[in-house]
Amino acid sequence: MIDVPESPVKDLWRIFRIMAEFVEGFDELASIGPAVSIYGSARAKPDDKYYKLAEQTAKSLAKAGFAVITGGGGGVMKAANKGAAEAGGKSIGLNIELPVEQIPNEYQNFSLRFRYFFCRKVMFLKYAHGFIAFPGGFGTLDEFSESLVLIQTLKQAFFPVILMGSDYWQGLVDWMHKTMLSKHHYIDSKDLQVFTVVDDPEAATKIMVDFRDSRGKTGLHLPPAGIRQVHAE
């Protein structure tokens, strides 16, 4: 069977849909204030320790004055939206249309719907003052690595990036040190200083608060004091 290319007219209409998603996202999110994007597995169940940890972390962030942004689905996303909403904070969901329908969780008090992953990803990155990656799959790794690339290539000023859950992430961190850095020299040692691994919701919140406060005083996007990587043994 031969694939027939789509007509140029369809591509033009797709451009307009993409533009509409960007315009709506920029318009709706520009005034949300300090925000933290939280990523993690959609498969985490309410009795999962990471689900509970995400709920606690989002609640702590909301009490500190941050809006919480998630992908709007289940699992860690639902837990984070729940924690933020129950703490009286802005609980934002950036929902995505998927072939297998993603069901938006009920804890969003502000939501947007996207057809295109890359439009949604821009909103995650543009309007957040920091990122927290809970244990997850390929999507979580994608968001985490993209945030590191933006810092590494100076496409976006510094912002805190946190891996929550050392028991899940430490193997990846060890591999980065031993294979990417020490064995092949494909990254620099400073590239491993732009994220940190923590296990405590209050510690994560403090990192975000310190960054917000230092940014307000200096007007610069500088690394907050105390952010250091958990080094491989």
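Here goes a summary of the coordinates provided. Residue positions are counted from 1 within each chain, in the order its sequence is given. Totals for whole chains, interfaces and linings use all residues, but because this is a predicted model, local features are given only for residues with pLDDT of at least 70 and pairs of side-chain atoms are given and counted only at 80 or more. The basis for every side-chain value is the complete set of heavy atoms in the structure, and neither hydrogens nor water enter the calculation.

Regarding the pairing of strand β6 (residues 161–164)
Logical step 1: Covered by surrounding structure in β6 are V161 and L163 together with I162 and M164, the residues of both alternating faces.
Logical step 2: In this analysis, strands are considered paired if DSSP registers two or more bridges between them. Secondary structure elements follow DSSP: runs of H or I no shorter than four residues count as helices, runs of E no shorter than two count as strands, and numbering proceeds from the N terminus. Note: strand β5 (residues 130–133) against β6, three bridges, orientation parallel. Paired with F131 across the bridge in β6 is V161.
Logical step 3: Across three bridges, β6 lies against strand β7 (residues 196–198) in parallel orientation. Counterpart to L163 in the pairing with β7 is V197. Throughout, exposure labels follow a simple rule: accessible area from a 1.4 Å probe, protein chains only, divided by the maximum for the residue type, with under 20% read as buried, over 50% as exposed, and the rest as partly exposed.

Let's talk about the layout of surface pockets
Logical step 1: The distinction between a cavity and a pocket rests on a 1 Å grid over the protein atoms alone: a 1.4 Å probe fits inside a cavity but cannot get out, while a pocket stays open yet meets protein on both sides within 12 Å along at least five of seven lines, and a residue with an atom within 4 Å of a point counts as lining. Grid points are joined across faces, edges and corners, and a volume is the space filled by probe spheres set on the points. Each pocket or cavity is described by its volume, and for the largest pocket that value is around 560 Å³.
Logical step 2: In terms of lining residues, the largest pocket is bounded by 23 residues, among which G40, A42, M77, G139 and T140 are the most central.
Logical step 3: Residue assignment for the lining of the largest pocket shows that the elements contributing at least two residues are β1 (35–39), α4 (117–126) and α5 (138–152).
Logical step 4: For the lining of the largest pocket, the leading source of residues is α5, giving five residues.
Logical step 5: Here the residues of the lining of the largest pocket are counted per class, giving nine nonpolar, nine polar and five charged.
Logical step 6: Considered as a void within the structure, the second largest pocket measures approximately 430 Å³ in volume.
Logical step 7: Contributions of two or more residues to the lining of the second largest pocket are made by α5 and α6 (166–183). Gly is put with the polar residues, along with every residue not named as nonpolar or charged; the nonpolar set is Ala, Val, Leu, Ile, Met, Phe, Trp, Tyr, Cys and Pro, and the charged set is Asp, Glu, Lys and Arg.

Topic: the environment of E86
Logical step 1: Examined against the element boundaries, E86 turns out to sit in helix α3 (residues 76–86).
Logical step 2: Since its relative accessible area comes to 47%, E86 is described here as partly exposed.
Logical step 3: Taking C-alpha positions, E86 is 9.0 Å from A62, a pair spaced 24 residues apart along the chain.

Points about the packing of aromatic side chains
In this description, an aromatic ring pair is defined by two values, namely the gap between the centres and the angle between the planes.
Logical step 1: Stacked, tilted and edge-to-face pairs are distinguished by plane angle, under 30 degrees for stacked and over 60 for edge-to-face with tilted covering the rest, among Phe, Tyr and Trp rings (Trp via its six-membered ring) whose centres lie within 6.5 Å. Under the defined criterion, the tally for this structure stands at twelve aromatic pairs.
Logical step 2: Taken together, the aromatic side chains of F22, F26, Y116, F118 and Y127 make up a single cluster linked through ring pairs.
Logical step 3: Sitting over the face of the ring of Y127, K126 holds its NZ or CZ atom 5.5 Å from the ring centroid.
Logical step 4: Taking NZ or CZ as reference, R212 lies 4.6 Å from the ring centre of F66, over its face. Here, a charge over a ring means that NZ of Lys or CZ of Arg falls within 6 Å of the ring centre while also lying within 35 degrees of the ring normal.

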